[in-house]
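# Inside the fold
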Amino acid sequence: MKYVLVLCLCAFAISCSLQDNPVNPSGSTRNFYLGFTPYFYDATTEAQEFIYNKIKTDADIICHYFDDGIPWEESLFSLAYDQYITADWQYRKSKTHSNHKVIIAVTPINPTRDGIALYKKSSGNMSLPVTWSLYNFNNPYVKAAYLNYCKRIIEYFNPNYFIMGIEANLLINADVTMNKWNAYLELQQFVYGELKKFYPSLPMMVSLSGTDLLNGYTTAINLLQSRGLSDILGMTDYFAISLYPYRSNYLAESIPSNMFDLLFSMSNRPICITETAYPAQTVSINNGAKVYNGTTQKQNDYFQKLFAASDKYDVRFIINFALRDFDKLWQANGSADDLTKILRDSGFYDENGNVRPVYETWKNKLNLIVSGK
């Protein structure tokens, strides 16, 4: 009997240790990859080379992020894609470091997250053909076309991770009747199930806006968001989070101390931070109605807290969206896009290519060996 008691006490001690200590208590390793999207800061060859060269040295994973529409008709009828698409794919693949893990992120949802993705052919985010503008996510043509598109891009890039929907829960905010969400679930369930038949070992996921899952952080209705999370967890391998804590009622003033624990404990699935950022400068949108008082110190503090939480939980990768501030590209595009403006000053390199304090925090973590992967 005393041996049983000893074993029970040992088991209890181990259990307490696992609960009280992080996954990586020593800090000598990390359990997640670190990377960026190749988002260019300017429309020049120099900018392209800078970004890919820095990703080569400052990351061990890359996320090729496609949020600019779907070649709907070409995908549906298995037609050749326009050179605009194929040349982009070829360039991305040629510039991806052979030792880096690869994420492909695509989505059937438009950039404003309120309907199906726009059309992509000779450029991104073109107007939908008339018939396609009438379709919802669960239309049979949409299902077939999106499945074909996913299969073609997977076959081309052979990624280590596949994101098949971006910030999907924002559809709930756009339509509280849940009609669009329910239609999207039909699409997601169909495509996820079919892709698993072809690529059973490929981790697949749908990213969700993290701040909208947190009660009181945004205007999102928490009851509906909780239902949405429950709906999607059966159709995703990982709990994938798009995390921009300043895009909340807290702006860039503070980050609640329990934010990561609240968010990361919402699911027992492995966690992926599919995109994140924090502004290093003050930026305003909506003609000055909303101001984000970002600083380099706040940016660095955010990533220190994110890394500490990621050591504690089962996080597989973290993607910072922009490697360098893209003031030049934003100005070249007309300086009118608030959606990209709130990301403009979140780089680890400023607009002149100088490193910010967060760079050292990132590199110190990157220099650790990835464990258990």
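The coordinates are above.
Heads up: these notes are all about the structure in this document. Values in this document were obtained by computation on a predicted structure and should not be read as measured data.

## As for helix 5 (residues 140–157)
- Helix length check: helix 5 (18 residues) gives 26 Å between terminal C-alpha atoms against 26 Å at 1.5 Å per residue, within 8%.
- Turning to helix 5, its buried residues number three or more, namely Val142, Lys143, Ala145, Tyr146, Leu147, Tyr149, Cys150, Ile153, Ile154 and Phe157.
- Buried residues belonging to helix 5 abut strand 3 (61–65), helix 3 (72–76), helix 4 (83–95), strand 4 (101–105), strand 5 (161–163) and helix 7 (179–198).
- At the N-terminal boundary of helix 5, the capping side chain belongs to asparagine 139, with an oxygen 2.8 Å from the backbone nitrogen of tyrosine 141.
- Just past helix 5, the residue asparagine 158 takes up positive phi, approximately 50°.

## Remarks on a nonpolar patch on the surface
- Taken together, Val176, Ile221 and Leu223 make up a surface patch of nonpolar side chains, about 310 Å² in accessible area.
- Note that valine 176 resides in the loop between helix 6 (170–174) and helix 7.

## Points about the packing of aromatic side chains
- Counted by the stated rule, this structure contains 42 aromatic pairs.
- With centroids separated by 5.0 Å and ring planes inclined at 70°, the aromatic side chains of tyrosine 302 and phenylalanine 303 adopt a geometry described as edge-to-face. Each member of the pair, tyrosine 302 together with phenylalanine 303, is buried.
- Positioned over the ring face of tyrosine 41 is arginine 324, at 3.7 Å from the centre of the ring.

Definitions and cut-offs
- Residues numbered from 1 in each chain as written.
- Predicted model: local features only at pLDDT ≥ 70, side-chain atom pairs only at ≥ 80, totals over all residues.
- Heavy atoms only, no water.
- Helix = DSSP H or I, 4+ residues; strand = E, 2+ residues; numbered from the N terminus.
- Expected span 1.5 Å × (residues − 1).
- Buried < 20%, exposed > 50% of the residue type's maximum accessible area, 1.4 Å probe, protein only.
- Contact = heavy atoms within 4.5 Å.
- Polar contact = N/O pair within 3.5 Å; in protein donor to acceptor, adjacent residues only side chain to side chain.
- Patch = residues over 30% accessible without salt bridge, like charges linked within 9 Å, V, L, I, M, F, W, Y side chains within 5 Å.
- Areas by Shrake-Rupley, 256 points an atom, 1.4 Å probe, with all protein chains shown as cover.
- Salt bridge = Lys/Arg side-chain N within 4 Å of Asp/Glu carboxyl O.
- Phe/Tyr/Trp six-rings, centres within 6.5 Å; stacked < 30°, edge-to-face > 60°.
- Lys NZ or Arg CZ within 6 Å of the ring centre and 35° of its normal.

Purely geometric stuff here, so don't read any function into it on its own.
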